[in-house]
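Breakdown of the fold
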Amino acid sequence: MSLKGKHVGVAFTGSFCTYEKVFEELIRLKAEGAIVQTIFSNASQTIDCRFGKACDFVKKAEEITGIKPMLTIPQAEPIGPKSLLDILVILPCTGNTIAKLANGITDTPVLMAAKAHLRNNKPLLISISTNDALGMNMKNIGLLLNAKNVYFVPFGQDDPVKKPNSMIAHTSLLIPSIESALEGKQYQPILC
Ligand SMILES: Cc1cc2nc3c(=O)[nH]c(=O)nc-3n(C[C@H](O)[C@H](O)[C@H](O)COP(=O)(O)O)c2cc1C
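The structure presented is a predicted model; accordingly, all values stated were derived computationally and were not measured.

Things to note about the site of the ligand
Looking at the ligand, there are 18 residues lining it, with Thr13, Gly14, Ser15, Ser41 and Thr94 nearest. Secondary structure elements with two or more residues in the shell around the ligand: helix H2 (42-46), helix H5 (95-102) and strand S4 (124-130). Looking at the shell around the ligand residue by residue, the classes come out as 5 nonpolar, 13 polar and no charged.

A few points about the pairing of S4
Within S4, 7 of the 7 residues are buried, leaving the element largely enclosed by the surrounding structure. Of the two faces of S4, both are covered, the one formed by Leu124, Ile126, Ile128 and Thr130 as well as the one formed by Leu125, Ser127 and Ser129. Handedness of the S4-helix H7 (residues 138-145)-strand S5 (residues 150-152) crossover: right-handed. As paired elements, S4 and strand S7 (residues 167-169) share 2 bridges and run antiparallel to each other. Note on S7: the bridge partner recorded for Ser129 is Ile168.

Considerations on helix H8 (residues 174-182)
When we look at burial in H8, the residues that qualify are Leu174, Ser177, Ile178 and Ala181. Take H8 and look down its axis: the buried residues cluster within an arc of 100 degrees, on one side only. On the buried face of H8, the contacting elements are strand S1 (7-12), helix H1 (19-31), strand S3 (87-93), S4 and S5. Following H8 by one or two positions, Gly184 has its phi on the positive side, about 80 degrees.

Concerning the packing of H1 against helix H3 (residues 54-65)
Direction vectors running N to C along H1 and H3 enclose 15 degrees, while the axes themselves pass 9 Å from each other. Taken together, the axes of H1 and H3 lie roughly parallel to each other. You can see that H1 and H3 cross each other, and the crossing is right-handed. Where H1 approaches H3, its residues Tyr19, Phe23, Leu26, Ile27 and Lys30 are matched on the opposing element by Phe57, Lys60, Ala61, Ile64 and Thr65. Across the contact of H1 with H3, the residue classes break down as 7 nonpolar, 1 polar and 2 charged.

Side note on the packing of H5 against H7
Contact geometry for H5 and H7: axes closest at 9 Å, N-to-C directions at 55 degrees. Here H5 lies oblique to H7, going by the angle between them. In this structure, H5 meets H7 at a crossing whose hand is left-handed. When H5 is examined against H7, the residues Ile98, Ala99, Leu101 and Ala102 are found in contact with a partner set consisting of Asn140, Ile141, Leu143 and Leu144.

A short note on H5
Looking only at H5, the buried set comprises Gly95, Thr97, Ile98, Lys100 and Leu101. Directly after H5, the chain includes Gly104, whose backbone phi takes a positive value near 70 degrees.

Structural notes on the nonpolar core
Val8, Ala11, Val89, Ala113, Leu125 and Ile128 are the most contacted members of the largest nonpolar core, which totals 51 residues. Among residues more than four places away in sequence, those in contact with Val89 are Val8, Gly9, Val10, Ala11, Leu125, Ser127 and Ile178.

Details of the pairing of S1
Counting buried positions along S1 yields 5 of 6 residues, so the element is predominantly enclosed. As paired strands, S1 and strand S2 (residues 35-40) are joined by 6 bridges and run parallel to one another. Bridge assignment links Val8 to a residue of S2, and that residue is Val36. In this view, the connection linking S1 to its parallel neighbour S2 by way of H1 has right-handed handedness. Alignment of S1 against S3, held across 4 bridges, turns out to be parallel. Residue pairing in the sheet places Val10 in a bridge with Val89 of S3.

Rules used throughout
- Residues numbered from 1 in each chain as written.
- Predicted model: local features only at pLDDT ≥ 70, side-chain atom pairs only at ≥ 80, totals over all residues.
- Near = placed C-beta within 6 Å.
- Helix = DSSP H or I, 4+ residues; strand = E, 2+ residues; numbered from the N terminus.
- Nonpolar A, V, L, I, M, F, W, Y, C, P; charged D, E, K, R; others polar.
- Buried ≥ 20, exposed ≤ 12 C-beta atoms within 10 Å, placed from the backbone.
- Right-handed = clockwise from strand over helix to strand, strands pointing away.
- Pairing = 2+ DSSP bridges.
- Arc of directions from axis to C-beta.
- Contact = placed C-beta atoms within 7 Å.
- Axes fitted to C-alpha atoms, helices over the stretch in contact; angles between N-to-C directions.
- Parallel < 35°, antiparallel > 145°, perpendicular 65-115°, else oblique.
- Left-handed = near helix turned anticlockwise from the far one by under 90°.
- Core = buried A, V, L, I, M, F, W, Y, C linked by C-beta atoms within 7 Å.

Below you can see the structure in the form of structure tokens.
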């Protein structure tokens, strides 16, 4: 399936170590002809850390996509009533956002976008990046794996010795995962 002309939402949450790869994927999505709307969680648009400054990440997203990022709950809310997106990807998705999403909490622009988008019966794709995937958050990942219209970018352990509970999605599989999700299918194998 071609992504040309597809409206793809890319929602950033606070897994800052993955942003370099995320920006590479934003460039790929644009090259495929997708119209890309970014959304930033409160953490992702305010925390400056060793991986960079929050305002620079927001600026870079706008430069790549040519569209102003959504930064507030009111900005993200019309995704539902105006049916703005064909697919929404939470890329990267923190343990915090996974836990809230699985439990129906809607207190960031990204969670608002997810709730608004899901009400339209359209696919939500999750690209996990969290140190507690095989620990505290396993139950929440399990809930989302079994949720309607929710798909995952294939994921696996990134450092089983030093971080035994950590799992991260293979962002290089983002585009085929989007294509599958748009057809209502989970890209396989999901664990790799
Ligand atoms: C430098 C830094 C790196 C972080 N990396 C991650 C990460 O890879 N995965 C994760 O789940 N949380 C990570 N966090 C913690 C989240 O940013 C924190 O839980 C935040 O509340 C997430 O909010 P959000 O899910 O609304 O973006 C990191 C925090 C900092 C300061």
